[in-house]
Amino acid sequence: MRYDYVVRAIRPEEWAEVKQLRLDALRDPVAHLAFLDSYEEAAGRADAFWQDRAVGSGEGGTAARQFIAEAADGTWVGSATVLIEEAGTKDWAGCVVECRQGHVVGVYVRPEHRGNGLIKALFDAGVEWARERGAERVRLFVHEDNARAQSAYRKAGFVPSGVIVPFVKDAAQNELEFVLDLRP
């Protein structure tokens, strides 16, 4: 089945849609591998949290941008967020960030819209936004057991860097860094 999508940045006033898509993502069978929070944690957050998130990663935000894929009927069917990380700062794992880079988080595509290149379209928008902000590369982390996501990220041009970090939820498990180099 062929779908037509509009891939765009969220708007600050779309916080309720941001919240709903995240809650839907956290119901996915592999959400425990793909996301650091749970459905219960996210559902319990006040509206102000979601409003702040939409302002910070919506149109006009400079440190983060959330992109969504919107179907012809207006339904949000996928999302990816890119954070800008500055050289010399420390990342979430305590490692020094070596160059200005984008960091993709919160990737989700509704099951009925998977396998048709939508992740690549979301990533293309996010990578371009990061490039416009001077990013030298874009990275993401994926759980070692999330083969479906790893395959989608490879198709979008990302490759394993060799960096492995312990999974935040269980140090006996690992996450793999995938990167896309933007340098000429």
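The rules we used
- Residues numbered from 1 in each chain as written.
- Predicted model: local features only at pLDDT ≥ 70, side-chain atom pairs only at ≥ 80, totals over all residues.
- Heavy atoms only, no water.
- Pairing = 2+ DSSP bridges.
- Helix = DSSP H or I, 4+ residues; strand = E, 2+ residues; numbered from the N terminus.
- Buried < 20%, exposed > 50% of the residue type's maximum accessible area, 1.4 Å probe, protein only.
- Phe/Tyr/Trp six-rings, centres within 6.5 Å; stacked < 30°, edge-to-face > 60°.
- Lys NZ or Arg CZ within 6 Å of the ring centre and 35° of its normal.
- Axes fitted to C-alpha atoms, helices over the stretch in contact; angles between N-to-C directions.
- Contact = heavy atoms within 4.5 Å.

Novice: Give a description of the pairing of strand 6 (residues 159-167) that names residues and reports values.
Specialist: Judged from the six bridges that link them, strand 6 and strand 7 (residues 170-181) form a sheet pairing that is antiparallel. Each bridged residue has a counterpart across the sheet, and for phenylalanine 167 the counterpart in strand 7 is aspartate 170. The hairpin turn running from strand 6 into strand 7, its antiparallel successor, is two residues long.

Novice: With reference to specific residues and values, describe the environment of aspartate 52.
Specialist: Mapped onto the secondary structure, aspartate 52 falls in helix 4 (residues 47-57). Using a relative accessible area of 56% as the deciding quantity, one classes aspartate 52 as exposed. As for aspartate 52 and valine 138, which are separated by 86 residues in sequence, their C-alpha atoms are 24 Å apart.

Novice: Give a description of the pairing of strand 3 (residues 76-85) that names residues and reports values.
Specialist: In terms of burial, strand 3 is largely enclosed, as nine of its 10 residues are buried. Here strand 2 (residues 64-71) runs beside strand 3; their pairing, made up of seven bridges, is antiparallel. The residue bridging isoleucine 68 from the neighbouring strand is serine 79, located in strand 3. The turn joining strand 2 and strand 3, which pair antiparallel and follow one another in sequence, is formed by four residues; a positive phi near 90° is taken by glycine 74.

Novice: Provide a residue-level description of the packing of aromatic side chains, including the pertinent values.
Specialist: Per the counting criterion, the structure on display carries four aromatic pairs. Arranged with centres 5.2 Å apart and planes meeting at 90°, the rings of tryptophan 92 and phenylalanine 141 form a pair that is edge-to-face. Here tryptophan 92, found in the loop between strand 3 and strand 4 (101-109), pairs with phenylalanine 141, found in strand 5 (residues 137-143); they are 49 residues apart in sequence, far enough to count as distant. What makes phenylalanine 141 buried here is its relative accessible area of 13%. Taken together, a centroid distance of 5.3 Å and an interplanar angle of 70° make the contact between phenylalanine 123 and phenylalanine 158 edge-to-face. Residue phenylalanine 123 is located in helix 5 (residues 118-132), and its partner phenylalanine 158 is located in the loop between helix 6 (147-155) and strand 6; the two are separated by 35 residues in the primary sequence. Side by side, phenylalanine 123 and phenylalanine 158 carry an identical accessibility label, which is buried. Three or more aromatic residues link up through ring pairs in this structure, and these residues are Phe123, Tyr153 and Phe158. Of note, arginine 45 hangs over the ring of phenylalanine 49, and the distance from its end group to the ring centre comes to 4.7 Å.

Novice: Outline the sheet that holds strand 4, listing residues and values.
Specialist: Read across the sheet, seven strands follow the order 1-2-3-4-5-7-6 without closing on themselves; strand pairing throughout is mixed. Because the sheet does not close on itself, it has two edges, and the strands there are strand 1 (5-9) and strand 6. Neighbouring strand axes in the sheet, compared pairwise and without regard to direction, differ in orientation by 25° on average. Its contacts with the sheet put helix 5 on strand 1, strand 2, strand 3, strand 4, strand 5 and strand 7, and the angle it makes with strand 3 is roughly 30°. Docked against the sheet, helix 6 engages strand 4, strand 5, strand 6 and strand 7, running at close to 160° with respect to strand 5.

Novice: Hey, could you go over the environment of proline 111 for me, with residue numbers and the actual values?
Specialist: The residue proline 111 is located in the loop between strand 4 and helix 5 in this model. In this structure the C-alpha to C-alpha distance between proline 111 and valine 77, which are 34 residues apart in sequence, comes to 8.8 Å.

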